[in-house]
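Next come the chains, spelled out residue by residue.
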Number of protein chains: 2
Amino acid sequence: MRHLLTLVALLAFSPFASAEPLPSWKDGAAKTAITAFVTEVTTASSPSFVPPPERIAVFDNDGTLWVEQPMYTQLAYVIGRIKTLAPEHPEWKDEQPFKAVLTGDLDALKASGMEGVTKLLAATHANMSTAEFERIVGDWIASARHPRFDRLYTQVVYQPMLELLDYLRANGFKTFVVSGGGIDFMRPWAERVYGIPPEQVVGSQIAIEYEVRDGVPVMMRKPEIAFIDDKAGKPVGIQLHIGRRPILAFGNSDGDYQMLEWTTAGPGKRLGLILHHDDGEREYAYDRESHVGRLSKGLDDADAKGWLLVSMERDWARVFPAAPEGTPGAEASHQHQ
Amino acid sequence: MRHLLTLVALLAFSPFASAEPLPSWKDGAAKTAITAFVTEVTTASSPSFVPPPERIAVFDNDGTLWVEQPMYTQLAYVIGRIKTLAPEHPEWKDEQPFKAVLTGDLDALKASGMEGVTKLLAATHANMSTAEFERIVGDWIASARHPRFDRLYTQVVYQPMLELLDYLRANGFKTFVVSGGGIDFMRPWAERVYGIPPEQVVGSQIAIEYEVRDGVPVMMRKPEIAFIDDKAGKPVGIQLHIGRRPILAFGNSDGDYQMLEWTTAGPGKRLGLILHHDDGEREYAYDRESHVGRLSKGLDDADAKGWLLVSMERDWARVFPAAPEGTPGAEASHQHQ
């Protein structure tokens, strides 16, 4: 049985199998543009050939690789964590922003502003070691479920995007997540779910301090935001972590605008892609008016910038992996690159 | 006899030949410890087996991969750059720390302290785009020569370390530089010289800001230190950039102490190595009393911590690559990992 599985796995990743890449992408402008781009930059005789080390592809996470509605998954984690910790903190019943979280009062939560965010961050993301945070996030993501789809959050990732990541890696690309989300919130599961190892995850960061406690070195998470990897912060995060300009960028909101702008302004062939959430039936339909994942300037400028709008409704044959309920979905082993 | 010679020749070029890795390492405790460690963590049946994605190896740069005496190469760059720019800045003749640099007054330079460093940094590392800095460093490193060895700085890299990097990558390791030096000072040449791509270089950083100037996106370098990747900063840099604990760390000074400590405190097999500069004839002999690359606490604690002292004199058959003068040395193509 194990040998059979190995054989199947080998075939699945062999260059002879599945001659048709991106099976969950419908034939159309988006799929054609992607495969034409990859062919051009990987064909040695092409004037647009790019050597493998420079084949850097960056992907936003929330709304690009997985669902970001009705709220960012990291916010769902914060709410869940506050509820878990509440019995140890009776004072939270009367203290904002904790009271707002515990009573589900989103308006009061918003009104708590940056001060509220900092308090929530301190309670749920900091004052613990990196190892402890990794364990807490890993435990949470293994059981928390998306409210509408009743699947694990790691099962409301987009099947067409998983295929695109694999397709790019099979063509010598190195794939990175570049997200406004917390870098250490994504790392515990990004490798298993996306095939993207921790060192290829770029995200927002809180301050970290190295300490030796009772002879044991630990990395302590401090309640202090050190870097926000959003909007103009995304190209900066790319420079800090990757140090060279990507040739492909895929986002979905105006938070990704500068990442696409920086990527596609480079010389040679470049590809900028925006996922347009226009599929209320299978997922969500939102753009200019949305509080989460607002896409407005990107819609206005996509044509002029040469960015490709990918329509979830028209371009995707399926949205989510066919994972059986209750089992980890979309978590096959990936080829690393 | 002829057949025998053919056989020998075939063996010499087959993957089974040169069964002896690390040809510039002398047989001895260091070489044995390194190859034994690599065998243990890469043998599937070994209790110490480590899956490839977790085979992370980190290397200090100055004094570990290349010569750091009589001064850090980055300081040589600063001095060279100040001299290049001096004609445009007649006021520097009377202004510290520039005057100290131009007259070679190292005591006055030291006396200028952190304020002096900041001014030099601003003049030589900042107020320009990342692309411009990359070009300036690339040009400088292509021609500046080490004062004693009269070779390019990229030719006073250590041949045994180049072999170790290649050996580790051939065994599924991903190799990283983790240096107190500037991240963007190393990236323009680290790939060519060490086979380490920009995204696997960790170092000190100045602030970077994304701007669109006359419609062209640029990444501007600001005269402000954002992160110092030295001492306790090294494990922090590892966490920020790599996000998992290395299993091998190689350093040479007390600036690497915490990096070795963090690496070797993890579970399972770990290897911590310290290069001891004890070869005044072929390179330099220095440790406890040196201003550059001081090694004292590391010497005291190596035994107790289980760190291996590598003696340049005893353990290395050769120090530098056999590059012809004036040609780029040690710059063969490397296997990336």
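Keep in mind that what you see is a predicted model, and the values were worked out from it rather than measured.

Enquirer: Which parts of the structure should I look at to understand the overall build of chain A?
Expert: Regarding its fold elements, chain A presents 13 helices and 8 strands. By residue count, 57% of the 337 residues in chain A fall in the buried class. Contacts spanning at least 24 positions in sequence make up 67% of the contacts within chain A whose residues lie at least 6 apart.

Enquirer: It is not clear to me how the confidence of the model for chain A should be interpreted in this structure. Could you clarify?
Expert: Regions with low pLDDT carry predicted coordinates that are not meant to be interpreted in detail. All names here are of chain A. Looking at chain A, pLDDT values average 92 and 90% of them are 70 or higher. Least confident of the elements in chain A is helix H1 (residues 2–13), whose mean pLDDT is 47; most confident is strand E1 (residues 56–59), at 99. Between residues 328–333, whose pLDDT stays under 50, and residues either more than four places distant or in other chains, the model counts 16 contacts. Interface scoring of the predicted complex returns ipTM 0.91; its pTM is 0.91.

Enquirer: Just checking my understanding: could you explain the packing of helix H9 (residues 183–194) of chain A against helix H10 (residues 233–241) of chain B for this structure?
Expert: The description of two helices packed together rests on the angle between their axes and the distance between the axes. H10 of chain B packs onto H9 of chain A with a crossing angle of 65° between their chain directions and a minimal axis gap of 10 Å. Counting all contacts with H9 of chain A, which are made through Ile183, Asp184 and Arg187 of chain A, the residues of H10 of chain B involved are Gln239, Leu240 and His241 of chain B. Its residues assigned to classes, the contact of H9 of chain A with H10 of chain B comprises 2 nonpolar, 2 polar and 2 charged.

Enquirer: Would you explain the pairing of strand E5 (residues 216–227) of chain B in this entry?
Expert: Two faces make up the sheet, and in a regular strand the side chains alternate between them. All names here are of chain B. Where strand E2 (residues 128–129) meets E5, 2 bridges bridge the pair, whose relative direction is antiparallel. Note that in E5 the partner of Ser129 across the bridge is Met220. Pairing of strand E4 (residues 201–213) with E5 involves 8 bridges; the strand directions are antiparallel. Bridge pairing in E5 links Val212 to Pro217. Here E4 folds back onto E5 in antiparallel fashion, the turn holding 2 residues, of which Asp214 has a positive phi close to 50°.

Enquirer: Explain the pattern of salt bridges here, please?
Expert: When the charged atoms of two side chains lie near each other, side chains of opposite charge can form a pair. Scanning all chains against the criterion turns up 44 salt bridges over all chains. A salt bridge links Asp301 of chain B to Lys297 of chain B; the shortest N-O distance between them is 3.3 Å. One end of the pair, Asp301 of chain B, and the other, Lys297 of chain B, are both in helix H12 (residues 297–305), 4 residues apart, so they sit about a helical turn from each other. You can call Lys297 of chain B partly exposed: its relative accessible area is 44%. Sharing partners across several salt bridges, the network here consists of Lys174 and Arg244 of chain A together with Glu191 and Glu199 of chain B.

Enquirer: Explain the interface of chain B and chain A to me, please; I cannot follow it from the model alone.
Expert: A common way to express how large an interface is: the accessible area buried when the components associate. Of the residues lining the interface, 35 residues belong to chain B; the matching set on chain A comes to 35 residues. Both sides together, the interface formed by chain B and chain A hides about 2900 Å², and carbon and sulfur atoms give 56% of it. Ranking the residues of chain B by area buried against chain A places Glu199, Tyr210 and Leu240 of chain B at the top, with a combined share of 22%. Across the pair Arg244 of chain A and Glu191 of chain B runs a salt bridge, and its minimum N-O distance is 3.1 Å. Between chain B and chain A we count 16 residue pairs in polar contact (both at pLDDT 80 or more) in total. When residues of the side of chain B that touches chain A are traced back to their parent elements, those giving at least two are strand E3 (174–182), helix H9 (183–194), E4, E5, H10 and helix H11 (257–264) of chain B.

Enquirer: Looking at this structure, how should I read the sheet that holds strand E3 (residues 174–182) of chain A?
Expert: Within a sheet, each strand pairs with its neighbour through backbone hydrogen bonds, oriented either parallel or antiparallel. Residues and elements named next belong to chain A. Ordered by their spatial adjacency, 8 strands build an open sheet running E2-E5-E4-E3-E1-E6-E7-E8, and the pairing between neighbours is mixed. Among the strands making up the open sheet, the edge pair consists of strand E2 (128–129) and strand E8 (308–311). Sheet topology note: the strand E7 (residues 271–276)/E8 ladder contains 4 bridges and is parallel. In the strand pairing of E8, Ile274 is matched with Leu309.

Enquirer: Could you clarify how one ought to interpret the side chain of Asp60 of chain B in this entry?
Expert: Residue and element names in this part refer to chain B. With respect to the helices and strands, Asp60 occurs in the loop between strand E1 (56–59) and helix H3 (73–85). Residue classification places Asp60 among the buried residues on the basis of a relative accessible area of 4%. There is a polar contact of 2.9 Å between the side chain of Asp60 and the side chain of Lys234. Setting aside residues no more than four positions away along its own chain, Asp60 makes contact with Leu65, Val178, Ser179, Lys234, Phe250, Gly251, Asn252, Asp256 and Met259.

Enquirer: What exactly am I supposed to notice about the sheet that holds E2 of chain B here?
Expert: Residue and element names in this part refer to chain B. The strand order across the open sheet built from 8 strands is E2-E5-E4-E3-E1-E6-E7-E8, with neighbouring strands paired in mixed fashion. The open sheet has two edge strands, E2 and strand E8 (308–311), and neither has a second partner. The strands touched by helix H6 (residues 113–125) are E2, E4 and E5; relative to E5, the strand with the most contacts, the crossing angle is about 165°.

Enquirer: Whenever I open this one, the packing of aromatic side chains confuses me. Can you help?
Expert: Each aromatic ring pair is summarised here by two numbers: the centre-to-centre distance and the angle between the ring planes. Scanning the model with the defined rule gives 34 aromatic pairs over all chains in all. Between Trp262 of chain A and Tyr210 of chain B, the aromatic rings sit 6.3 Å apart at their centres with planes inclined by 90°, giving edge-to-face as the arrangement. On the criterion of chain membership, the pair formed by Trp262 of chain A in helix H11 (residues 257–264) and Tyr210 of chain B in strand E4 is interchain, its members lying in two chains. Taking 6.3 Å as the distance between ring centres and 45° as the angle between the ring planes, the aromatic pair formed by Trp140 of chain B and Phe185 of chain B counts as tilted. With Trp140 of chain B in helix H7 (residues 130–141) and Phe185 of chain B in helix H9, this residue pair connects regions lying 45 residues apart in the sequence. Three or more aromatic residues joined by ring pairs form one cluster here, namely Trp66, Tyr77, Phe133, Trp140, Tyr153, Phe185, Trp189 and Tyr194 of chain A.

Enquirer: Can you help me understand the relation of the copies chain B and chain A in this one?
Expert: What relates the two chain copies is a rotation about an axis together with a slide along it. In the superposition of chain B on chain A (RMSD 0.0 Å, axial shift 0.0 Å), the rotation amounts to 180°. Taken together, the rotation and translation describe the operation of a two-fold axis. Every residue of chain B has its C-alpha some distance from the rotation axis, and the shortest such distance is that of His241 of chain B, at 3.1 Å. Here 100% of the interface residues in chain B have copies in chain A that are interface residues too; the copies meet face to matching face.

Enquirer: Mind showing me how you'd approach the packing of helix H3 (residues 73–85) of chain A against helix H7 (residues 130–141) of chain A here?
Expert: Residue and element names in this part refer to chain A. Running from N to C, H3 and H7 point in directions that differ by 100°, and their axes come no closer than 11 Å. In terms of orientation, H3 lies roughly perpendicular with respect to H7. When H3 is examined against H7, the residues Thr73, Ala76, Tyr77 and Arg81 are found in contact with a partner set consisting of Phe133, Ile136, Val137 and Trp140. A per-class count over the contact of H3 with H7 returns 6 nonpolar, 1 polar and 1 charged.

Enquirer: Got a minute to help me understand unusual backbone geometry in this structure?
Expert: Negative phi values dominate among residues other than glycine, just as trans dominates among peptide bonds. For the peptide bond that leads from Gln96 of chain A to Pro97 of chain A, omega is 5°, which places it in the cis range. Tracing the sequence through the fold places Pro97 of chain A in the loop between H3 and helix H4 (98–103). Phi at Asp214 of chain A takes a positive value of approximately 50°, unusual for a residue other than glycine. Residue placement: Asp214 of chain A occurs in the loop between strand E4 (201–213) and strand E5 (216–227). In this structure, Lys231 of chain B is a non-glycine residue whose phi angle is positive, near 50°. Lys231 of chain B sits in the partly exposed class, given a relative accessible area of 46%.

Conventions we followed
Residues numbered from 1 in each chain as written. Chains lettered and ligands numbered in written order. Predicted model: local features only at pLDDT ≥ 70, side-chain atom pairs only at ≥ 80, totals over all residues. Heavy atoms only, no water. Helix = DSSP H or I, 4+ residues; strand = E, 2+ residues; numbered from the N terminus. Buried < 20%, exposed > 50% of the residue type's maximum accessible area, 1.4 Å probe, protein only. Contact = heavy atoms within 4.5 Å. pLDDT = per-residue confidence, 0-100. Axes fitted to C-alpha atoms, helices over the stretch in contact; angles between N-to-C directions. Nonpolar A, V, L, I, M, F, W, Y, C, P; charged D, E, K, R; others polar. Pairing = 2+ DSSP bridges. Salt bridge = Lys/Arg side-chain N within 4 Å of Asp/Glu carboxyl O. Buried area = accessible area lost by both parts, 1.4 Å probe. Polar contact = N/O pair within 3.5 Å; in protein donor to acceptor, adjacent residues only side chain to side chain. Phe/Tyr/Trp six-rings, centres within 6.5 Å; stacked < 30°, edge-to-face > 60°. Least-squares fit on C-alpha atoms with pLDDT ≥ 70 in both. Parallel < 35°, antiparallel > 145°, perpendicular 65-115°, else oblique.

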